[in-house]
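So you can see what is in the structure, the chains are spelled out below.
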Amino acid sequence: MPAAPPSAQPPRLTRLLAAALLAACACRPESAPPDHTSQDAAPLPGAPGAATPSPHDAAPAPQPAPSPAGDGAPQAVAGDDTSGAARAALDSRSPVKLAPPPFGQALFRPAPAGGSAAPRLVKIAEQKNQITDEAAWFTTNGLSLPTLQVPSVAAGGASGARPLPSFVPGSYRDQALVKAIDHGDHLVLLYGPNHAEGRFVAVLDAARKVVAFFDFESFLTPPEIAPKEDEFVRGHVGWAVVKDGVLYVSSGHRTYAASSKGRNAYLSALDLASGQLLWQSAPLVCNADNFVLRGDHLLCGYGFTAEPDFLYVLDRATGKVVSKLPLKSGPEFLVEKDGKLFVRTYDTDYVFEIR
């Protein structure tokens, strides 16, 4: 607007008040005129084709609290949307195809272990459960498994699972993420066509780097199959953990042992760097949802309808069975807490003191 003639200029006080009013209005963002020059720029968030806003475009995102001492687990950072890049990195890798195992007890090379005495399990509690009250068992006893929430898998009885970090790939090529296990200093990711057929195992270290990636296809089809049982004996990888450069893993199928002529439910130890099989346990020792690594030993369990049900202690160096205890039904979950082993079976809950 052109300036008024000198004779029309308002008094000094009036000019100061007007200037102050104009300055206050200029500071209000809602009063600013639209920027018509930006119509051809990037679309607004939420519009078709819009890119996810970068956290650097806004105020710095709050950082998560530091992990407890000794916890080297990979942490999800607020605003960290790296799943796409992580998935692309994993898709570009070719997993190590493992040689067929012997499907029987074998020792090729001992795994590193300290040789401490085997734990002795003493039963201190036993009671019937309601079969469908898994969640209550975890909650009542203050228990949890180190599993993370996987979007493609329905929530199970292990309540309290933490959210899946954004950097974890939700799939490997056409294989879905079916289980994610957080062991503190490393993650184990299981991929497969569905929840019942985990086949690929990826191990990520605390820096989120993939340090091992294996294809367990050769472990999943037993060498002998009873007539008309082919469709039922397709196996899966159930649980895995790394210790001292060795991957300990359970594998097997979910039907009767007779369907594979007893070749089922193994624990195996593999060299993490090469995939070389160090040992495989005897069959029918581990078909529970998980197993527990405790010092120089592995605690696991096996059972099925009309078959013997047992809790086993295996030597971590050789895979040999050290001891076994009878159970009244097939074990489902094993959780160690405060010097005790809590065992959930199909219809009975146990507590064992670890001595």
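This text goes with the structure placed above it.
Just so you know, these numbers come straight off a predicted model, no measurement behind them.

Thresholds, definitions, all that
- Residues numbered from 1 in each chain as written.
- Predicted model: local features only at pLDDT ≥ 70, side-chain atom pairs only at ≥ 80, totals over all residues.
- Heavy atoms only, no water.
- Helix = DSSP H or I, 4+ residues; strand = E, 2+ residues; numbered from the N terminus.
- Buried < 20%, exposed > 50% of the residue type's maximum accessible area, 1.4 Å probe, protein only.
- Areas by Shrake-Rupley, 256 points an atom, 1.4 Å probe, with all protein chains shown as cover.
- Disulfide = S-S within 2.5 Å.
- Phe/Tyr/Trp six-rings, centres within 6.5 Å; stacked < 30°, edge-to-face > 60°.
- Polar contact = N/O pair within 3.5 Å; in protein donor to acceptor, adjacent residues only side chain to side chain.
- Contact = heavy atoms within 4.5 Å.
- Pairing = 2+ DSSP bridges.
- Salt bridge = Lys/Arg side-chain N within 4 Å of Asp/Glu carboxyl O.
- Axes fitted to C-alpha atoms, helices over the stretch in contact; angles between N-to-C directions.

**Considerations on the overall build of the protein chain**
On a plain count of helices and strands, the protein chain comes out with three helices and 19 strands. Going through the 355 residues of the protein chain one by one, you find that 41% of them count as buried. A total of about 18800 Å² of accessible surface is found on the protein chain, and carbon and sulfur atoms cover 58% of it.

**Structural notes on the state of the cysteines**
Scanning the entire structure with this criterion turns up zero disulfides. The cysteine Cys286 is free of any disulfide, with Cys300 supplying the nearest cysteine sulfur at 4.7 Å.

**Description of the packing of aromatic side chains**
Inspection of the entire model under this criterion finds 12 aromatic pairs. With centroids separated by 4.9 Å and ring planes inclined at 80 degrees, the aromatic side chains of Trp137 and Phe138 adopt a geometry described as edge-to-face. Across the pair, exposure class does not vary: Trp137 and Phe138 are buried alike. Site record: aromatic cluster; members linked through ring pairs are Trp137, Phe138 and Phe333.

**A few points about the side chain of Ser171**
Among the secondary structure elements, Ser171 is positioned in strand β4 (residues 171-172). A distance of 3.1 Å separates the side chain of Ser171 from the side chain of Arg87, its partner in a polar contact. Apart from the residues lying within four places of it in its own chain, the contact partners of Ser171 are Arg87, Leu90, Asp91, Ala176, Leu177 and Tyr191.

**Structural notes on the sheet that holds strand β5 (residues 175-182)**
Taking strand neighbours across the sheet as the criterion, the six strands line up as β1-β8-β7-β6-β5-β4 in an open arrangement whose pairing is mixed. Edge strands, defined here as strands with exactly one partner in the open sheet, are β1 (96-97) and β4. Looking at chain direction, strand β6 (residues 186-192) and strand β7 (residues 200-205) are connected through six bridges and run antiparallel. From the neighbouring strand, Val188 faces β7, where its bridge partner is Val203.

**A word on the pairing of strand β9 (residues 236-243)**
Among the eight residues that make up β9, seven are buried, leaving the element largely enclosed by the rest of the structure. Bridge count for β9 against strand β10 (residues 246-252) is seven bridges, and the pairing is antiparallel. Following the sheet pairing, Trp239 is matched in β10 by Ser250. Here β9 hands over to β10 after two residues, with Asp244 in that stretch at a positive phi of 55 degrees.

**Details of the pattern of salt bridges**
Tallying each qualifying case throughout the model produces 18 salt bridges. Notably, a salt bridge pairs Lys123 with Glu126, separated by 2.7 Å at the nearest N-O pair. Overall, the relative accessible area of 32% leaves Glu126 in the partly exposed class. When the shortest N-O distance is used, the salt bridge between Glu126 and Lys328 registers 2.7 Å.

**Focus on the pairing of strand β8 (residues 210-215)**
Strand direction decides the pairing type here: β1 and β8, joined by two bridges, are parallel. Pairing of Lys97 across the sheet is with Asp215, part of β8. Sheet topology places β7 next to β8; five bridges connect them, and they run antiparallel. Across the sheet, the residue bridging to Leu204 is Val210, located in β8.

**What to know about the sheet that holds strand β3 (residues 121-128)**
Each strand in a sheet pairs with another by means of backbone hydrogen bonds, the pair being arranged parallel or else antiparallel. One open sheet holds the four strands; their spatial order is β3-β19-β18-β17, and the pairing between them is antiparallel. On the outer flanks of this sheet lie β3 and β17 (331-337), each paired with one strand and no other. Neighbour to neighbour, the strand axes of the sheet diverge by 20 degrees on average, direction disregarded. For strand β18 (residues 340-345) and strand β19 (residues 348-354), the ladder comprises five bridges, and the chain directions are antiparallel. Bridging across to β19, Leu341 finds its partner in Phe352. The sheet contacts of helix α3 (residues 134-141) involve β17, β18 and β19, and relative to β17 the element is tilted by about 10 degrees.

**A short note on unusual backbone geometry**
A positive phi is found at Arg208, a non-glycine position, where the angle reads about 70 degrees. Unusually for a residue other than glycine, Ala265 sits at a positive phi of about 60 degrees. Within the secondary structure, Ala265 is located in the loop between β10 and β11 (266-271). Since its relative accessible area comes to 0%, Ala265 is described here as buried.

Without other data, these values stay purely geometric and don't point to any function.
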